[in-house]
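Observations on chain architecture
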Amino acid sequence: MSKSDSKLAINGGKPVSEKPVLIHKPYLMEDDFAAVDRAIRSRFVSGDGPDCREFERQLAQYLGARHVLFVNSATSALELAFRVKGFPPGSEVIVPDFTYTSTALGPLYNNLAIRLADVYPDNGNLDLAKLEGYITPKTVAIVAVDYAGNPVEMDEIMQLANKYNLYVVHDTAQSIGSVYKGRKTGNQGHVSTFSFHGTKNLTTGEGGAVVTSDDQIADRIRILREKGTNKYSFLTDNITRGYYEYVDIGNSYVQSNILGALGTSQLARLDWMNAERKKIAEYYLHNLKDIPNLGFLRQTGDSSTNWHIFVILVPREEKYWIMDALRAEGIHANVHYTPLHRNAYYKHLGADIDFPGAMGFFGGLLRLPVYPSLGFEEMGKTIEAVRKVFSALFAD
Ligand SMILES: Cc1ncc(COP(=O)(O)O)c(C=O)c1O
């Protein structure tokens, strides 16, 4: 077989899967529907209700963290993580070049400047050998991302931060349930920010959380997320003066009580869902490992991933052909995000040559479907399609 072989679906051949194998699917079951039903019938449908509080309590316990604050997205969580610090405008924040825009939006909303940092070419996490070189007298913070759920090396990042007195926000949007050196992610930085978007391992449709052990940060965020009011203490402590006060400038980032109920029912199943993802990832690794010119993401030592994303690293010159060929076979492989400096809004912050790691990683990166409801047959078809496409490509 060759790249132009007529057996390939991209050339008009029969696809491996007639029914598309989707790239992600939220895992929503009867207990989720029942939780939402119960919450909505309670008539407490507005923000920060008892089910939100319960979700926060259980998630704090699960993570082994002191404070969990449920908000409407990780993007809001990142914004709040910087808002509480009040850094002087123009101060610099180091952000990995290979991340989603929200990682940079947090500092940008707070009038801070972004300094893009390169990442490892084999896993997309911050490259420690280069990190110190981005620090200037204006640097106030680092944002570190766990790409694909694979923990970034937080011990070294915290050491560097301590040396220069920097604030560290750990963007754990993708890593709920991952473990770094024996502790769940969410406990390593000054503040961590999780996402519960529909594609994430635990979902509330849209949603996020700020996690911190700092009481002052937590208290301020409770106010900021509720329009700058002290309604939190009004609801919790039942201080019944009959009104609450406007004590700051905030925004409306609280989540509906209905979504708190959904978060709690999802959390009850999170370890099981992550274990299912692990089984799929291991099955892929086992069945794809002998394919020449195909690589996998390097996992961080002394840690375990939640397999939020399953990455294959393919020859960069052929990446888009491989993606199109897999899609034609019925497997919805995709590329995920492009390095920030490659996007219109960020392009003034550097060129390809400044980020060889990010360009190298992104250059070969494709994602395969991984989610708890992915069936055995679908896994088999995904493997078959990758084998078919690679054997055509390298027969030439
Ligand atoms: C690394 C990273 N940070 C932040 C976000 C933003 O999450 P949300 O959609 O909850 O705002 C995402 C979303 O995918 C992400 O991947």
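Preceding block: the structure.
Structure report, in brief. Sequence positions are assigned chain by chain, starting from 1 and proceeding in written order. For a predicted model such as this one, the threshold for reporting local features is a pLDDT of at least 70, and the threshold for listing and counting side-chain atom pairs is 80 or more; totals across whole chains, interfaces and linings nevertheless cover every residue. Side-chain numbers here rest on the full set of heavy atoms in the structure, without hydrogens or water.

1. Describing helix H11 (residues 319-328)
One turn of an α-helix holds 3.6 residues; hence residues three or four places apart share an orientation. Definition in use: The buried label goes to any residue with under 20% of its type's maximum accessible area, the exposed label to any with over 50%, and the partly exposed label to all in between, with areas taken from a 1.4 Å probe on protein chains only. Only DSSP runs of H or I with at least four residues qualify as helices, and only runs of E with at least two residues qualify as strands; both kinds are numbered from the N terminus onward.
Among the residues making up H11, those that are buried are Lys319, Trp321, Ile322, Met323, Ala325 and Leu326. Backbone geometry just downstream of H11 places glycine 330 in the positive-phi region, at approximately 100°.

2. Considerations on the site of the ligand
Filter applied, for reference: Only heavy atoms are used to decide nearness, and a residue is near a molecule or strand if one of them lies within 4 Å of it. Under the rule applied, a polar contact is a pair of N or O atoms within 3.5 Å (in protein, one hydrogen donor and one hydrogen acceptor; residues adjacent in sequence only if both atoms are side-chain atoms). Cavities and pockets are defined on a 1 Å grid built over the protein atoms alone: a cavity is a set of grid points where a 1.4 Å probe fits but cannot escape, while a pocket is an open set with protein on both sides within 12 Å along at least five of seven lines, and lining residues are those with an atom within 4 Å of any such point. The way we define it, a molecule is inside a pocket or cavity when more than half of its atoms are within 2 Å of that pocket's grid points. The classification used treats Ala, Val, Leu, Ile, Met, Phe, Trp, Tyr, Cys and Pro as nonpolar, Asp, Glu, Lys and Arg as charged, and all other residues, Gly among them, as polar.
Near the ligand lie 15 residues; those nearest to it are Thr75, Asp171, Gln174, Ser195 and Lys200. In the model, an oxygen atom of the ligand is placed 2.9 Å from a nitrogen or oxygen of the alanine 74 main chain. Separating a nitrogen atom of the ligand from a side-chain N or O atom of aspartate 171 is a distance of 2.8 Å. According to the grid-proximity analysis, the pocket containing the ligand is the largest pocket. Those elements that provide at least two residues to the shell around the ligand are helix H3 (74-83) and helix H4 (101-109). Residues of the shell around the ligand, tallied by class, amount to 4 nonpolar, 9 polar and 2 charged.

3. Considering the pairing of strand S2 (residues 92-96)
Short version of the rule: The rule for pairing is simple: two strands pair if DSSP sees at least two bridges between them. We call a crossover right-handed when, viewed with both strands directed away from the observer, the connection leading from the first strand over the helix to the second proceeds clockwise.
Most of S2 sits inside the fold, with 5 of its 5 residues counted as buried. Residues Glu92, Ile94 and Pro96 point to one face of S2 and Val93 and Val95 to the other, with burial holding for every one of them. When S2 meets strand S3 (residues 113-117), the two strands line up parallel, connected through 5 bridges. Looking at the pairing, glutamate 92 lines up with alanine 113 of S3. Regarding the hand of the β-α-β motif, the stretch spanning S2, H4 and S3 is right-handed. Pairing analysis gives 3 bridges linking S2 to strand S4 (residues 139-145), with the strands arranged parallel. Across the sheet, glutamate 92 pairs through a bridge with threonine 139, a residue of S4.

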